[in-house]
Amino acid sequence: HPTVVTGVVSAVGQRVESAAGHALHGMIQTDGPTAPGAAGGPLVDATGAVIGISTDVADGPALSFGYATPIDLAHRVAEQILRTGHMDRGWLGIECEDLPAAQAREMGVPGGAVVRLVAAGSPAATAGLHANDVITEIDDQPLTSASALVVALLDHHAGDRVAIVYWHLGQRIERTVSLAAHP
């Protein structure tokens, strides 16, 4: 049966675990949870314009909310899959998490991504990134979160060069990195 849920967008740019067990970035959070089996339906605004595609999330506190992939991101992915048959995204080769707000204030930045792991031989390793470095900009755009970094990288492909700013042991470093194909 078709279902309709009303609610309010309570946050944007959220990171949440999917029901399949991988991280989803840049998500729209609503105060109405997605009904079981309703993933893939539209999230519409008050004018009826589709602003997102609803998504299933993993068990836990996230089930109290609904989550949707922003429609512009869904369009980019769909267009690429239709054009090439697969999702081609550039790979930096890191695992990261959000920079805590207090540390961002200390650094004088709006946010960023704390590097937790650098894959051996990855573009990040070649650029000199290490665990605990903080990435604060990509292509002259300040980052507010780890999700913002992931979403920004979705606009790039293997072979693209991106400018990053990161902090290593209190020193601001600028590098241009050539992204690789995701392994």
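Structural notes, computed from the coordinates. (Residues numbered from 1 in each chain as written. Predicted model: local features only at pLDDT ≥ 70, side-chain atom pairs only at ≥ 80, totals over all residues. Heavy atoms only, no water.)

Observations regarding the pattern of salt bridges
Turning to step 1, where the next piece is worked out: With the rule as written, the count across this model stands at four salt bridges.
Turning to step 2, where the next piece is worked out: Between arginine 116 and glutamate 97 there is a salt bridge, with the nearest N and O atoms lying 3.0 Å from each other. Linking arginine 116 in strand S8 (residues 113-118) with glutamate 97 in strand S7 (residues 94-98), this pair joins segments that are 19 residues apart in sequence.
Turning to step 3, where the next piece is worked out: With a shortest N-O distance of 2.5 Å, glutamate 174 and arginine 172 are connected by a salt bridge.
Turning to step 4, where the next piece is worked out: For glutamate 174, a relative accessible area of 55% translates into the label exposed. (Salt bridge = Lys/Arg side-chain N within 4 Å of Asp/Glu carboxyl O. Helix = DSSP H or I, 4+ residues; strand = E, 2+ residues; numbered from the N terminus. Buried < 20%, exposed > 50% of the residue type's maximum accessible area, 1.4 Å probe, protein only.)

What about the sheet that holds strand S5 (residues 66-70)?
Turning to step 1, where the next piece is worked out: Strand order in the open sheet made by the five strands is S1-S2-S5-S4-S3, with antiparallel pairing throughout. Each of the sheet's edge strands pairs with one partner strand only, and the pair in question is strand S1 (9-17) and strand S3 (42-44). For this sheet, the mean inter-axis angle between neighbouring strands, taken without regard to orientation, is 45°.
Turning to step 2, where the next piece is worked out: Sheet topology note: the strand S4 (residues 50-55)/S5 ladder contains four bridges and is antiparallel. Looking at the pairing, glycine 52 lines up with proline 70 of S5.
Turning to step 3, where the next piece is worked out: Each of strand S2 (23-30), S4 and S5 touches helix H1 (residues 71-84); the most contacted strand, S5, lies at about 55° to it.
Turning to step 4, where the next piece is worked out: Helix H4 (residues 146-153) rests against S1 and S2 of the sheet, and its axis sits at about 110° to S2. (Pairing = 2+ DSSP bridges. Axes fitted to C-alpha atoms, helices over the stretch in contact; angles between N-to-C directions. Contact = heavy atoms within 4.5 Å.)

Some remarks on unusual backbone geometry
Turning to step 1, where the next piece is worked out: At asparagine 132, a position not held by glycine, the phi torsion is positive, near 80°.
Turning to step 2, where the next piece is worked out: With respect to the helices and strands, asparagine 132 occurs in the loop between helix H3 (123-126) and strand S9 (134-138).

Section: H4
Turning to step 1, where the next piece is worked out: Listed as buried for H4 are Ala146, Ser147, Leu149 and Leu153. Down the axis of H4, the smallest arc covering the buried residues is 160°, so these residues share one side.
Turning to step 2, where the next piece is worked out: Contacts from the buried residues of H4 go to S1, S2, strand S6 (90-91), S7, S8 and S9. (Arc of directions from axis to C-beta.)

A look at the pairing of S8
Turning to step 1, where the next piece is worked out: Both S7 and S8 contribute to a ladder of five bridges, which runs antiparallel. Paired with glutamate 97 across the bridge in S8 is valine 114.
Turning to step 2, where the next piece is worked out: Of the strand pairs in this sheet, S8 and S9 are connected by two bridges, and their pairing is antiparallel. The residue bridging valine 114 from the neighbouring strand is valine 134, located in S9.

Describing the environment of methionine 87
Turning to step 1, where the next piece is worked out: Looking at where methionine 87 falls in the secondary structure, it is placed in the loop between H1 and S6.
Turning to step 2, where the next piece is worked out: Those residues in contact with methionine 87 that lie beyond four places of it in its chain are Val77, Gln80, Ile81 and Leu154.

Some points on the nonpolar core
Turning to step 1, where the next piece is worked out: Core analysis: the biggest nonpolar cluster contains 19 residues, and Leu92, Ile94, Leu129, Ile135, Ile138, Leu149 and Ile164 have the highest contact counts within it.
Turning to step 2, where the next piece is worked out: For this core, the secondary structure elements donating two or more residues are S8, S9, H4, strand S11 (161-168) and strand S12 (171-178).
Turning to step 3, where the next piece is worked out: Those residues in contact with isoleucine 135 that lie beyond four places of it in its chain are Leu92, Ile94, Gly112, Ala113, Val115, Leu129, Leu143, Leu149, Val165 and Tyr166. (Core = buried A, V, L, I, M, F, W, Y, C linked by side-chain atoms within 4.5 Å.)

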